[in-house]
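Okay, here's what each chain looks like letter by letter:
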Amino acid sequence: MKNLLDYSLPEDLKFMDTKELELLAVQIREFLVENVSKTGGHLASNLGAVELTIALHKAFNSPLDKIIWDVGHQAYVHKILTGRADNFGSLRKFGGLSGFPKGGESEHDVFDTGHSSNSISIAAGFAAARDLSGDNYDVVAVIGDGSLTGGLSYEGMNNLSDLKSKAIIILNDNGMSIGLNTGGLSKHLNKLRVSKGYSSFKKGFGTALKKIPAIGDGLYNGVSRARDHLKYSIVEGVMFEKLGFTYIGPIDGHNIDAILHNLELAKTSDHSVIMHVITQKGKGYRNAEKDPSKFHGIGAFDKSTGELLNKSERPSYSEVFGKKLTDMARQNDRIVAVSAAMIDGTGLREFARLFPERTFDVGIAEGHGVTFAGALAKSGYKPFVTIYSTFLQRGYDNIIMDTCLQDVPVVFAIDRAGCVGSDGETHHGLFDISYLKNIPNMTVLAPASDIELEMMMEFASVYEHPIAIRYPRGSASEAVTIPKSLSEGAQVISEGKDVIIWSVGNMLKNAEKAAEILNNSGIDTGVINARFIMPPDREKILQSANKCKLLVTVEDGMKIGGFGETVVSLLAENSLNKEVMILGWPEKFIEHGNTDQLMDKYGLSGEKIAERIKDKIEGKN
Ligand SMILES: Cc1ncc(C[n+]2csc(CCOP(=O)(O)OP(=O)(O)O)c2C)c(N)n1
Ligand SMILES: CC(=O)[C@@H](O)[C@H](O)COP(=O)(O)O
Ligand SMILES: [Mg+2]
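From a predicted model like this one, the values you see are computed outputs, not experimental measurements. What you see as residue numbers is a count from 1 along each chain, following the sequence as written. Chain labels run from A onward and ligand labels from 1 onward, assigned in the order the entries are written. Note on the predicted model: pLDDT of at least 70 is required for a residue's local features to be given, and 80 or more for side-chain atom pairs to be given and counted; whole-chain, interface and lining totals, by contrast, use all residues.

Student: What am I meant to see in the domain arrangement of the chain here?
Tutor: Bring the parts together and some accessible area is lost; that lost area is often taken as the interface size. Note that domain bounds follow an automatic or database assignment of domains. Assigned domains within the chain: domain 1 (4-290), domain 2 (317-470) and domain 3 (490-617). Using C-alpha coordinates to define each centre, domain 2 is positioned 26 Å away from domain 3. The partner domain 3 presents 29 residues to the 22 residues of domain 2 that form the contact. For the side of domain 2 that touches domain 3, the secondary-structure elements that each account for two or more residues are helix H19 (432-436) and strand E10 (443-445). When grouped by side-chain class, the residues that make up the side of domain 2 that touches domain 3 number 10 nonpolar, seven polar and five charged. This entry defines residue contacts through backbone-placed C-beta atoms, with two residues in contact when those atoms are within 7 Å. Put simply, DSSP marks the helices as runs of H or I at least four residues long and the strands as runs of E at least two long, and each gets a number from the N terminus on. Side-chain classes follow a simple rule in which Ala, Val, Leu, Ile, Met, Phe, Trp, Tyr, Cys and Pro form the nonpolar group, Asp, Glu, Lys and Arg form the charged group, and the remainder, Gly included, forms the polar group.

Set out below in structure tokens:
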């Protein structure tokens, strides 16, 4: 048996027998645990998808056949099998391999993904394009049971079942989203999983399949006929059949032979197939099997204990948020929480434990969650819709139509707003300022510290209109200057005659660092904490513009459409001819890497902000 790195993959898979493939699976699991324990990453989903991915690359000819990974967090094994194992030490690091499929990295990554539930739409599009051009290849989408809670997957299925074009959908069902999967669909899948058919199938699959004459004789004429022989693996009335797909399964997703045999069946079908594969999240690594949610996405950890290596001493903004919401909910029984499958990531675990009846995990259904909250608010409740900035993009129309147009008091707790670091392009929360600030009735706030987040939450809990509070991933900053009441608007941290830096949210620490450097080099610099993005503190903006030579704005969001542009247009409206230097993320998709490295590269660290301002004053830019 060769070492994993000595194979020529995926080509060698074609010559390997079941025993060798099973040994390869063992090697891949060891490799994953070894590497991810150092780099951090999405371990549990990948451990569960090892045999499935091996079988897919044996059965299909990637990249001619297109394999699409929903979300893409489970594509590490695919990366290993497509020639990227020797670069795995760089996973999710600046300049290294991405944690998600990236066409720029390999021709085997046929579509860049990161947000869930779009794989069936992608497959439908590829299949339609193939048939329009008269090409001949297979299109396969791999979607998890969690991602199947997203409405977009039903739009994809609805359309695909109507198309003449065929795609194979692999439903990788491990009973888990990040946490336990929720909702009616998940209950339905659960029933299939524990069905008698699956149990007997698991015991006797190999021999049972060989006894099917149509297959043994090579006379098989399409899955629908073979289905009659596969009664043991079909549950009557399964919803996918009703939607017009051929349903195959449930199949033991850790049995390579079983997957391969069924993929061959699926290939021969003349219309689209849903192949239901049962896997275990975290399979093969004891710590991840015990606590798959913890190992869904994890930082570097100790392999033997499973404990995180770099624990921050300060609580994260998510933790501050979760604790404060719990405290407020004790006093106010109208407070409810809405989450789109991110209870843990958003700090809501304790809230959910204490107030299960006031916690609504709607699944990966951000749009629905927002509309649902609009109706809760209309009924007198105070919903805190707690969603990552990047995923809230999915609910944009719902925010406009079902909360802002209704002018109902929904609170948007926007976590992971700003640069998120190693998840990269698909996950940075850089658009929310620009997509929220132009909606009528919407107020947008950004705290610069833990105390300020708490103050804003209290303010939001009695505010009678839609309101958003955006805060970043990671440790909450400690307030150096104790925040004044929010009713005072923006907070002047320090005065400056040459430069005034308007800072948004958590960028305050970088702005203060820049001011310190500039003051030390003789440029009199002051700092203001904006707090209100929309409506901005107009009076203080105009006052500060009159007081200094150069106004600078700093935000952890896209420069275009951001707070800086609000300041510029305010000055223009008031015929104030003052130069404004806008510092934010440039107009491009920002890659992955450590947040500090990215801030430095794009000129947003304290040192770089100071350097850019100095250059400006000295006429260098
Ligand atoms: C639109 C969107 N919302 C939320 C997420 C965050 N997210 C990533 S993976 C995941 C769970 C997916 O579950 P499943 O598809 O079953 O895959 P598993 O992790 O179980 O393998 C969630 C909620 C996302 N990537 N995209
Ligand atoms: C794959 C995915 O979308 C999530 O797992 C995401 O990576 C979580 O990010 P955090 O680690 O910031 O919670
Ligand atoms: Mg799952």
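There is more to say after this.
Student: What is the right way to read the site of ligand 1 from this model?
Tutor: Residues are classed as near a molecule or strand if the C-beta position derived from their backbone is within 6 Å of it. Around ligand 1, a shell composed of 22 residues is seen, among which Ser45, Ser116, Gly144, Gly146 and Ser147 lie nearest. A domain split of the shell around ligand 1 shows at least three residues from each of domain 1 (4-290) and domain 2 (317-470).

Student: Just to check I follow, could you spell out the site of ligand 2 for this structure?
Tutor: Around ligand 2, the surrounding shell consists of His42, Val71, His73, Ile178, His296, Gly297, Gly345, Arg416, Val420, Asp423 and Arg473. Taken together, the residues of the shell around ligand 2 sort by class into three nonpolar, five polar and three charged. Each of domain 1 (4-290) and domain 2 (317-470) gives at least three residues to the shell around ligand 2.

Student: In this structure, what is going on with the environment of Ile439? I would like to understand it.
Tutor: Within the secondary structure, Ile439 is located in the loop between H19 and E10. On the neighbour-count criterion, Ile439 (17 C-beta atoms within 10 Å) is partly exposed. In sequence terms Ile439 and Ile399 are 40 residues apart; their C-alpha atoms lie 8.8 Å from each other. Contact partners of Ile439, with chain neighbours within four places excluded, come to Ile399, Ile400 and Cys404. The burial label depends on the number of other C-beta atoms within 10 Å of a residue's C-beta. Counts of 20 or more mean buried, 12 or fewer mean exposed, and intermediate counts mean partly exposed, with C-beta atoms placed from the backbone.

Student: Looking at this structure, I do not really get the UniProt feature "binding site: thiamine diphosphate" (unreviewed entry) in the chain. What am I missing?
Tutor: UniProt positions are given in the numbering used here, feature names are shortened, and annotations may be inferred rather than shown by experiment. UniProt annotation of "binding site: thiamine diphosphate" (unreviewed entry) refers to His73, Gly114, His115, Ser116, Gly146, Ser147, Asn174, Tyr285 and Glu366 when read in the numbering used here. For the annotated residues, spread through 294 residues, the largest C-alpha to C-alpha distance comes to 31.8 Å, inconsistent with a single compact locus. Examined against the element boundaries, Ser116 turns out to sit in the loop between helix H4 (76-84) and helix H5 (119-132). A residue is classified by how many C-beta atoms lie within 10 Å of it, and Ser116, with 28 of them, is buried. Relative to the helices and strands, Asn174 is located in the loop between strand E3 (168-173) and helix H7 (184-193). Judged by the 24 C-beta atoms lying within 10 Å of it, Asn174 falls in the buried class. Setting aside chain neighbours within four positions, we find Asn174 in contact with Gly48, Gly144, Asp145, Thr279, Gln280 and Lys281.

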